[in-house]
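Chain residues, written in single-letter form:
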Amino acid sequence: MTELAALVDIARRAVEVGAGLLARAVPGEVQAKGDRDFVTELDLEIQRKIQDYLHAATPQIGFLGEESGTGRTADPDAEQVWILDPIDGTSNFIHGIPLCAVSLALVCGGWPKVGVIRAPFLGLEYYAAEGSGAFANEAILATGTAQRLGEAIVSIGDYAVGTAAGAANRDRLALTRELAESVERVRMFGSAAIDLAWVAEGRTDGCVILSNKPWDMAAGVIIARESGAVVRDSDGTDHSTRARHTIAANPALAGELVRLVAESVS
């Protein structure tokens, strides 16, 4: 077994631990992280459990979790680091919307090498390792086949919240308008992990997320790439943890979608 294959197995077992907690739980106490941004006791518990599991299995690899105070310590551009979002789509979870997932990636020097996403309320698990393809519930993934934006379903990331939301949302609203005039349908799922996984699976043809938080993106990026999708920053360069934005699409649409984003945002 190659090193990455062994690490995929470790990541899948770690995510299974978190997804089991997510599937059986109610949100618990909800704490505000910022303006309209929340964290639950369950986010923190899942992060602790997964961090402990990974430390025991791979003590040589660093760890970065979304939730501060329990493991948000490693550099996302380190030589090897596990990056975790314990509940991607926390607001969905709080409101009983099943579009939420545990998302874990192994990132090496800013480039994701292994990714696992598990959405327990949908019965879906996605995983990939660099050079080995991408899978959903053991089936091989491949991107959709839309050849032009007019026949494409494209999802977008959440609108911004917080003190700088007004300025950030001007770009998001401008992008939404341009997409609404160009694609078959625009969708917003509220989970970046699901956005990217569904591009990989061909449920959607592209996604545009005007941010790049590593815990949100890293697992989905390697899963999308291994399915055959193109994942870029808005300047057209290959996506990494240093990218500004996150754009994924099947190869026929990627260039056109990057151009549309570049023309829409400041």
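Heads up: these notes are all about the structure in this document. (Residues numbered from 1 in each chain as written. Predicted model: local features only at pLDDT ≥ 70, side-chain atom pairs only at ≥ 80, totals over all residues. Heavy atoms only, no water.)

### Structural notes on the pattern of salt bridges
- Throughout the structure, instances matching the rule amount to seven salt bridges.
- Measuring nitrogen to oxygen at the nearest pair gives 3.8 Å for the salt bridge that ties E125 to R118.
- Residue class for E125 comes out buried when judged on its relative accessible area of 7%.
- Judged by relative accessible area, which is 24%, R118 ranks as partly exposed.
- Taking the shortest distance from any N to any O, the salt bridge between R232 and D238 comes out at 2.2 Å. (Salt bridge = Lys/Arg side-chain N within 4 Å of Asp/Glu carboxyl O. Buried < 20%, exposed > 50% of the residue type's maximum accessible area, 1.4 Å probe, protein only.)

### Digging into the sheet that holds strand β5 (residues 101-108)
- With mixed pairing, seven strands are arranged side by side in an open sheet as β3-β4-β5-β6-β7-β8-β9. Every other strand in the sheet has two partners, leaving β3 (62-65) and β9 (139-140) as the edge strands with one partner each.
- Strand direction decides the pairing type here: β5 and strand β6 (residues 111-119), joined by seven bridges, are antiparallel. Residue L104 lies in a different strand from β6, and its bridge partner there is V116.
- In this fold helix α2 (residues 41-57) packs onto β3, β4 (81-88) and β5, with an angle of close to 155 degrees to the strand it touches most, β4. (Pairing = 2+ DSSP bridges. Helix = DSSP H or I, 4+ residues; strand = E, 2+ residues; numbered from the N terminus. Contact = heavy atoms within 4.5 Å. Axes fitted to C-alpha atoms, helices over the stretch in contact; angles between N-to-C directions.)

### Re the nonpolar core
- Counting residues in each nonpolar core, the largest one holds 37 residues, and the members touching the most others are I117, Y126, L141, W198 and I223.
- When residues of this core are traced back to their parent elements, those giving at least two are β4, β5, β6, β7 (124-129), β8 (134-136), α5 (192-201), β12 (206-209) and α6 (214-226).
- Residues in contact with Y126, not counting those within four places in the same chain, are G115, V116, I117, F135, A136, L141, A197, W198, E201, R203 and I223.
- By size, the runner-up hydrophobic cluster in this structure holds 28 residues, among which are L21, L22, L104 and C108. (Core = buried A, V, L, I, M, F, W, Y, C linked by side-chain atoms within 4.5 Å.)

### A look at empty space enclosed by the protein
- For the structure shown, the criterion picks out one cavity of 30 Å³ or more.
- Estimated volume of the largest cavity: approximately 50 Å³.
- If you go around the largest cavity, the residues you meet are P112, N212, P214, M217, A218, V221, H239, S240 and T241.
- Per-element accounting of the lining of the largest cavity gives the leading share, four residues, to α6.
- Of the residues contributing to the lining of the largest cavity, the split by class is five nonpolar, four polar and no charged. (1 Å grid on protein atoms, 1.4 Å probe; cavity = no way out; pocket = protein on both sides within 12 Å on 5 of 7 lines; lining within 4 Å. Points joined across faces, edges and corners; volume = space filled by probe spheres on them. Nonpolar A, V, L, I, M, F, W, Y, C, P; charged D, E, K, R; others polar.)

### Digging into the packing of aromatic side chains
- In this structure the tally under the stated criterion is three aromatic pairs.
- Aromatic pair F93 and F121: ring centres 6.3 Å apart, planes at 15 degrees, arrangement stacked. Here F93 is found in helix α3 (residues 90-94), whereas its partner F121 is found in the loop between β6 and β7, with 28 residues between them in sequence.
- Accessibility expressed as a relative area gives 6% for F93, which makes it buried.
- Ring centres of Y127 and F135 lie 5.3 Å apart, and the angle between their planes is 20 degrees; on these two criteria the pair is classed as stacked.
- The class of Y127 is buried, set by a relative accessible area of 9%.
- Between the NZ or CZ atom of R12 and the centre of the ring of Y127, over which it lies, the distance is 3.8 Å. (Phe/Tyr/Trp six-rings, centres within 6.5 Å; stacked < 30°, edge-to-face > 60°. Lys NZ or Arg CZ within 6 Å of the ring centre and 35° of its normal.)

### Here's the deal with the pairing of β4
- Of all the eight residues making up β4, eight are buried; the element is thus mostly covered by neighbouring parts of the structure.
- Sheet topology note: the β3/β4 ladder contains four bridges and is parallel. The partner of G62 across the bridge, within β4, is V81.
- Sheet analysis places β4 next to β5, joined by six bridges and oriented antiparallel. Paired with L84 across the bridge in β5 is L104.

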